[in-house]
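For reference, the chains in residue letters:
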Amino acid sequence: MMNEYDVCIIGAGVVGCAAAMQLSKYDLNILVIDKEEDVCSGTSKANSAIAHAGYDAVPGTIKAKMNVRGAELIKQLSKTLDFSYIQNGSLVLCFDEADIPKLNTLYERGIKNGVKELSVITGDEARALEPAVSENAVAALYAKDAGIVCPFGMTYAFAENAAANGVQFSFLTEVKNVKKSDPGYTVVTDKGEINTKYVINAAGVYADVIHNYVCDDKIKITARRGEYVLLDREVGDLVKHTVFQLPTKLGKGVLVAPTVHGNIIVGPSAEDIDDKEDTETTAASTAKIKECALQSVPNIPYNKVITGFSGLRAHGGDDDFIIGETADGFFDAACIESPGLTSAPAIGEYLAMLISKKSGAALKTDYIAERKNIPHIAKMPPEKRTEMIKKNPLYGNIICRCESISEGEIVDAIRRKPGAVSLDGVKRRVRAGMGRCQAGFCTPATIAILARELGIPESEVTKNRPGSEQIKEKL
Amino acid sequence: MKYHDLVIIGGGPAGLAAAVSAHEAGVSDILILERDERLGGILNQCIHNGFGLHTFKEELTGPEYAERYIKKVLDAKIPYKLKTIAADISPEREILYVNGEEGAVTVKAGAIILAMGCRERPRGALGLPGYRPAGIFTAGTAQRLMNIEGQSVGKKVFILGSGDIGLIMARRMTLEGAEVCAVAELMPYSGGLNRNIVQCLNDFNIPLKLSHTVTQIHGKERVTGITISEVDEKRSPIPGTEEYFDCDTLLLSCGLLPENELSKSAGITLDRVTGGPVVDDRLQCSVPGVFACGNVLHVHDLVDYVSEEAERAGAQAASYLSGNSTADGYVKLYTGFGVRYTVPQMIDVKNMSEQTVVRFRVADIYRDKSIALYYGDKHVKKQKKRIMAPGEMEQIIIKKDSFTDGIPDSIKVCVED
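Here the residue index of a chain counts from 1 through its sequence in written order. For this description, chains carry letters from A and ligands carry numbers from 1, given in the order in which they are written. Only residues with pLDDT of at least 70 are given local features in this predicted model, and only at 80 or more are side-chain atom pairs given and counted; all residues enter the totals for whole chains, interfaces and linings. Computation of side-chain values: all heavy atoms of the structure, hydrogens and water removed.

Draft legend 1. Summary view of the overall build of chain A. Counting secondary structure elements, chain A contains 12 helices and 23 strands. We compute the radius of gyration over the C-alpha atoms and compare it with the globule rule, which gives 2.2 Å times the number of residues raised to the power 0.38. For a compact globule of 475 residues, the expected C-alpha radius of gyration is about 23 Å, and chain A comes in at 22 Å, within 12% of that figure. Taking the principal axes of its C-alpha atoms as reference, chain A extends roughly 60 × 55 × 45 Å. Two residues qualify as a contact provided that any one of their heavy atoms is within 4.5 Å of a heavy atom in the partner residue. Long-range pairs, those at least 24 residues apart, make up 72% of the contacts in chain A with a sequence separation of at least 6. Areas reported as accessible are Shrake-Rupley estimates using a 1.4 Å probe. Residue values count occlusion only from the protein chains shown. Carbon together with sulfur atoms contributes 51% to the accessible area of chain A, which is approximately 18300 Å² in total. Averaged over its 56 positive side-chain charges, chain A has a centre that lies 3 Å from the centre of its 62 negative ones. A helix here means a DSSP run of H or I that spans at least four residues, while a strand means a run of E at least two residues long, and both kinds are numbered starting from the N terminus. For the charge count, each Lys or Arg is scored as positive and each Asp or Glu as negative, with His and the chain ends excluded. Where a charge lies is defined by one atom per residue type, namely NZ (Lys), CZ (Arg), CG (Asp) and CD (Glu).

This is how it looks when you write it as structure tokens:
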């Protein structure tokens, strides 16, 4: 790791990678560091995967601006950077006539925030759009423009595009301190010191720790855990739209939505916890989200659940994001909870604008604007598939049966920059192990491929961070 | 488009026995598609003995048992493709297969035998709470890693579920020097064979904790321990019964699921209980000319029964190919008290062969009860059993000459006193 940079971005989640991608348009030396082994290893990997339309946030807040702009950018970037995005529309269901004014409030917020194609519809109209919706729904806010996105795919797209434009990444690099130095900051890590002119703090649930190293006005971020269950693609046509519930005094409600990969996602719960690493699922939360979702969609086939997981949102005290230059040359992207995923590209764009202005950096002349995703060979028509396999026979060796992922695609995932170095990294890039058998069949083969490609023994292949090795020893 | 008389999906015990039997019955144009790099299927990783007692009257290991059938396939020069996955089957019996040599190829089959086997129920489907660290394996995955790849998965192991592979792995890991803390089983009885409980747990002093389940998985990177709880009659954990086990590995042996994604793509009707295709006494599915056998049809306890069933499927496919496809005397089989399912689910009484074997599993442990057979309301047969358990398959034979009163409206199999 070289140790002189113009910009050091702390955190390789979707916000950090979006900032890196947007900043890589400029002639700047940029380093992204993360304490985990790969990009997309924290909040970015475990969330609702929604591109929110933008009616939730209070008009005038940073959240509102970033949400609406982010949703717009996701549509464009999903094409140029090749990640999965589907405009499937969303419904916010209302179950009580007395709550309809609340729907109208959301509608008005949306209009003020600049959301297009928004309408309040009757329960029957909602059921006409989405037949699975409960008979108890009396009205709904329909946002035709809302979408779903692959949170991993988007983050990898940003990271790969940034890397293609010269951004460097350093993983398993944990920040221990950030000190003011001349002309900027010294980021002290467990891998050594990094001198940088500017710092972007995109450290997710740890953004308060990083912020507090530098700034006098201290902030506190609470990890707000959200638990989900994911259903088999077999029942993926349960709903087409993202189905939310109107927040009530009983809680914010949970969503039932399709994913871009054709599964159904149900969740999240909301539980404030002390441990910023605590991604446990609990029997109580699982039961709660399952029951709550039945209010919206009464016939969810929970016997088709293939996995459950939880993620941590970075919940700040205030209700808004903290974005901007909070100390000279130190830029925060803190308290990025929902709609953080949607907002990420806009947050990146905004920070890049601030830093380019401050630094006076020029735009690159050789900037690469496009990036192609790893091809999903099984989705191709047989002739095209055969052509790909003739070029690379590894594309014909199916490793993950459930998702039809070949050895060639897994090798691609490992060889990308930044590439997969763990089973989870492979899984999130190409979905090997993400299907209904949850990596039962493909784990041995994927371990062997990782070991071969990375030049390490199988016993050193990890599920994610160090310490998560699957194999104990050679017999 | 290439054509083969018979395409067999899967080169495990079912596919091999079906191929040999079809060949013996005169089918010469057969193709076996196998996704692994060798024939034999799951038997290759079952290096313990106990296979073949019924078929060969001797105790073989899994690979030895497979070898007997592989030799027959090789001797008969039946063509097969390895590292080849069937990606799609259409109701018109067109199969899309993929491999590294040929790419994606569509072939048309005169008849198809489904022999894809089953998969294990994973952690996610069990809804086990806690972290998601490394060190959680289905028993079969751990078995493959140990016995095929030569890798040890853990030193201190807890096993959830008393399915046969879990029991076998309890012994296997003990023999490799690992410590197996205990086996917990949600149900009040084991899901595995009694002989495996004796030989794999009792002989090694490994406790079997019935009516228990895992209620917490500990460890952020690697499993550091698990908490189990006793469950009540509704299978809900009883507060206050928590017990912690220090371990680095959790194996899951919580049920096998017939792997029928291809069957679904072919539009084949599946049985809600078995998870496999609904078949008639010819082992023919709802799509004509498509037959099923082995664990893709229903999960078997012994491979000997897989082979026997597959031989029938092979012979029936041969018969179908030679033009015997009339089916106009179907009678549905009903499950009465204590019987979870039957295979076949219907019998063509008019056109059936001399006799047909009906296999099923019971819903609970029954002592000194009988298996009874009814044609309509008429009690036809009773077969006394000292003990029946859900972990073991039961069977009853229906003979053609037993239909003395003509074709009945229904046939029922049940457990009674």
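Draft legend 2. Seen up close, the domain arrangement of chain A. Residue and element names in this part refer to chain A. One can read the domain layout of chain A as domain 1 (4-44 + 152-220 + 318-359), domain 2 (90-144 + 222-316) and domain 3 (377-460). An automatic or database domain assignment supplies the residue ranges for each domain. Distance from the C-alpha centre of domain 2 to the C-alpha centre of domain 3: 32 Å. The partner domain 3 presents seven residues to the seven residues of domain 2 that form the contact. Buried surface at the junction of domain 2 and domain 3, both sides included, amounts to about 580 Å², of which 37% is carbon and sulfur. Accessible-area loss on putting two parts together, using a 1.4 Å probe and summing over both, is the definition of buried area adopted here.

Draft legend 3. Summary view of empty space enclosed by the protein. Grid points spaced at 1 Å over the protein atoms alone were grouped into cavities, where a 1.4 Å probe fits but cannot get out, and pockets, open sets with protein on both sides within 12 Å along at least five of seven lines, with lining residues defined by an atom within 4 Å of a point. Grid points are joined across faces, edges and corners, and a volume is the space filled by probe spheres set on the points. This structure, assessed with the given rule, holds two cavities of 30 Å³ or more. Here the largest cavity defines a volume of roughly 500 Å³. Lining of the largest cavity is provided by 28 residues; of these, Gln438, Ala439, Lys463 and Gln470 of chain A together with Ile136 of chain B occupy positions nearest its centre. Every element with two or more residues in the lining of the largest cavity is listed here: strand 18 (305-316), helix 11 (423-430) and helix 12 (443-454) of chain A together with helix 3 (123-126) and strand 10 (136-138) of chain B. Residue polarity follows a fixed list, in which Ala, Val, Leu, Ile, Met, Phe, Trp, Tyr, Cys and Pro are nonpolar, Asp, Glu, Lys and Arg are charged, and the others, Gly among them, are polar. By residue class, the composition of the lining of the largest cavity is 11 nonpolar, 12 polar and five charged. Space inside the second largest cavity adds up to approximately 50 Å³. Contributing to the lining of the second largest cavity are Glu473 and Leu475 of chain A together with Met146, Ser152, Gly154, Lys155, Met173, Glu176, Gly177 and Ala178 of chain B. Of the residues that constitute the lining of the second largest cavity, the class distribution is four nonpolar, three polar and three charged.

Draft legend 4. Region of interest: the pairing of strand 7 (residues 94-99) of chain B. All names here are of chain B. Throughout this description, buried means an accessible area under 20% of the type-specific maximum (1.4 Å probe, protein chains only), exposed means over 50%, and partly exposed covers the range between. With five of its six residues buried, strand 7 lies for the most part within the structure. The pairing criterion is simple: DSSP has to find at least two bridges between the two strands. By the bridge criterion, four bridges tie strand 6 (residues 85-89) to strand 7 in an arrangement that is antiparallel. Note on strand 7: the bridge partner recorded for Asp88 is Leu96. Between strand 6 and strand 7, which pair antiparallel and follow one another directly, the connecting turn spans four residues, one of which, Arg93, has a positive phi of 65 degrees. Here strand 7 runs beside strand 8 (residues 103-114); their pairing, made up of six bridges, is antiparallel.

Draft legend 5. Focus on the packing of helix 1 (residues 13-24) of chain B against helix 2 (residues 62-75) of chain B. All names here are of chain B. Orientation is described by lines fitted to C-alpha atoms, with helices fitted over the stretch in contact, and by angles between N-to-C directions that extend from 0 to 180 degrees. One way to put it is that helix 1 packs onto helix 2 with a least axis distance of 9 Å and a crossing angle of 40 degrees. The two elements helix 1 and helix 2 cross, and the hand of that crossing is left-handed. Contacts between helix 1 and helix 2 involve Leu16, Ala17 and Val20 on the former and, on the latter, Ala66, Tyr69, Ile70, Lys72 and Val73. Here the residues of the contact of helix 1 with helix 2 sort into seven nonpolar, no polar and one charged. By definition, any crossing whose near helix is turned counterclockwise from its far helix by less than a right angle is left-handed, and any crossing with a clockwise turn is right-handed.

Draft legend 6. Broad picture of unusual backbone geometry. Residue and element names in this part refer to chain A. Here the amide bond leading from Asp182 into Pro183 is cis, since omega sits at 5 degrees, within 30 degrees of zero. With respect to the element layout, Pro183 can be found in the loop between strand 10 (175-180) and strand 11 (185-189). Cis geometry is found at the peptide bond from Ser338 to Pro339, where omega equals 0 degrees. Mapped onto the elements of the fold, Pro339 is located in the loop between strand 20 (330-334) and helix 8 (340-359).

Draft legend 7. Quick peek at the confidence of the model for chain B. Per-residue confidence from the predictor is given as pLDDT, running between 0 and 100. Here chain B averages 96 in pLDDT, while 100% of its residues score no lower than 70. Reported for the predicted complex are a pTM of 0.95 and an ipTM of 0.94.

Draft legend 8. Quick peek at the interface of chain B and chain A. Tallying the contact residues gives 49 residues for chain B and 45 residues for chain A. Buried area between chain B and chain A, summed over both chains or domains, comes out near 3900 Å², and the portion from carbon and sulfur atoms is 53%. The largest per-residue losses of area from chain B upon contact with chain A belong to Arg132, Gln151 and Glu221 of chain B, which jointly make up 16% of the total buried on that side. We count a salt bridge whenever a side-chain nitrogen from Lys or Arg sits within 4 Å of a carboxyl oxygen from Asp or Glu. At the boundary of chain B with chain A, the tally comes to seven salt bridges. We note a salt bridge from Lys220 of chain B to Asp275 of chain A, for which the minimum N-O separation is 2.7 Å. Two N or O atoms form a polar contact when they lie within 3.5 Å of each other; inside protein one atom must be a possible hydrogen donor and the other a possible acceptor, and for residues adjacent in sequence the pair counts only when both atoms belong to side chains. Taken together, the links from chain B to chain A amount to 21 residue pairs in polar contact (both at pLDDT 80 or more). Here the element with the most residues in the side of chain B that touches chain A is helix 4 (residues 139-147) of chain B; it accounts for four residues. Residue composition of the side of chain B that touches chain A, by class: 19 nonpolar, 13 polar and 17 charged.

Draft legend 9. The side chain of Ser134 of chain A, seen in detail. The topology assignment puts Ser134 of chain A in the loop between helix 4 (123-129) and strand 7 (139-143). Since its relative accessible area comes to 3%, Ser134 of chain A is described here as buried.

Draft legend 10. View of the domain arrangement of chain B. Residues and elements named next belong to chain B. Once the domains are mapped, chain B shows domain 1 (1-119 + 255-325), domain 2 (122-254) and domain 3 (328-417). The distance between the C-alpha centroids of domain 1 and domain 2 comes to 31 Å. Counting residues at the interface gives 13 residues for domain 1 and 13 residues for domain 2. The largest per-residue losses of area from domain 1 upon contact with domain 2 belong to Gln45, His48 and Gly255, which jointly make up 44% of the total buried on that side. At the boundary of domain 1 and domain 2, one finds one salt bridge. Taking the shortest distance from any N to any O, the salt bridge between Arg144 and Asp36 comes out at 3.1 Å. Our enumeration of links across domain 1 and domain 2 arrives at five residue pairs in polar contact (both at pLDDT 80 or more). Split into classes, the residues belonging to the side of domain 1 that touches domain 2 amount to five nonpolar, five polar and three charged.

Draft legend 11. The arrangement of the sheet that holds strand 16 (residues 225-230) of chain B in detail. Residues and elements named next belong to chain B. In spatial order, the strands read 15-16-17; together these three strands make up an open sheet with antiparallel pairing. Each of the sheet's edge strands pairs with one partner strand only, and the pair in question is strand 15 (212-218) and strand 17 (243-246). On average, adjacent strands in this sheet sit at an angle of 30 degrees to one another, irrespective of strand direction. Bridging between strand 15 and strand 16 involves six bridges; their strand directions are antiparallel. The residue of strand 16 that forms the bridge with His212 is Glu230.

Draft legend 12. Spotlight on the packing of aromatic side chains. The rule is short: rings of Phe, Tyr and Trp, with Trp giving its six-membered ring, pair when the centres are within 6.5 Å, and they are stacked under 30 degrees, edge-to-face over 60, tilted in between. Scanning the model with the defined rule gives 12 aromatic pairs over all chains in all. Relative to Phe158 of chain A, the ring of Phe83 of chain A has its centre 5.9 Å away and its plane inclined at 90 degrees; by these criteria the two rings are edge-to-face. Taken as a pair, Phe83 of chain A in the loop between helix 2 (62-80) and strand 4 (85-86) and Phe158 of chain A in helix 5 (residues 151-164) lie far apart in primary sequence, 75 residues in all. Look at Phe158 of chain A and you get buried, because its relative accessible area is 0%. Ring-over charges, as used throughout, are those where CZ of Arg or NZ of Lys falls within 6 Å of the ring centre and within 35 degrees of the ring normal. For the cation-ring pair, Lys72 of chain B lies above Tyr69 of chain B, with the distance from its terminal atom to the ring centre recorded as 5.1 Å. Positioned over the ring face of Tyr334 of chain B is Lys332 of chain B, at 4.9 Å from the centre of the ring.

Draft legend 13. Molecular detail of the nonpolar core. One finds Phe158 and Ile200 of chain A to be the most contacted residues of the largest nonpolar core, which totals 80 residues. Counting only domains with at least three residues in this core, you end up with domain 1 (4-44 + 152-220 + 318-359) and domain 2 (90-144 + 222-316) of chain A. Here Ile200 of chain A is in contact with Val7, Cys8, Ile9, Ile10, Ala19, Leu23, Phe331, Leu351 and Ile355 of chain A, once residues within four sequence places are set aside. Phe51, Ala292, Tyr305 and Tyr341 of chain B belong to the second-largest nonpolar core, a separate cluster that totals 66 residues. To form a nonpolar core, buried Ala, Val, Leu, Ile, Met, Phe, Trp, Tyr and Cys residues must be joined to one another through side-chain atoms within 4.5 Å.

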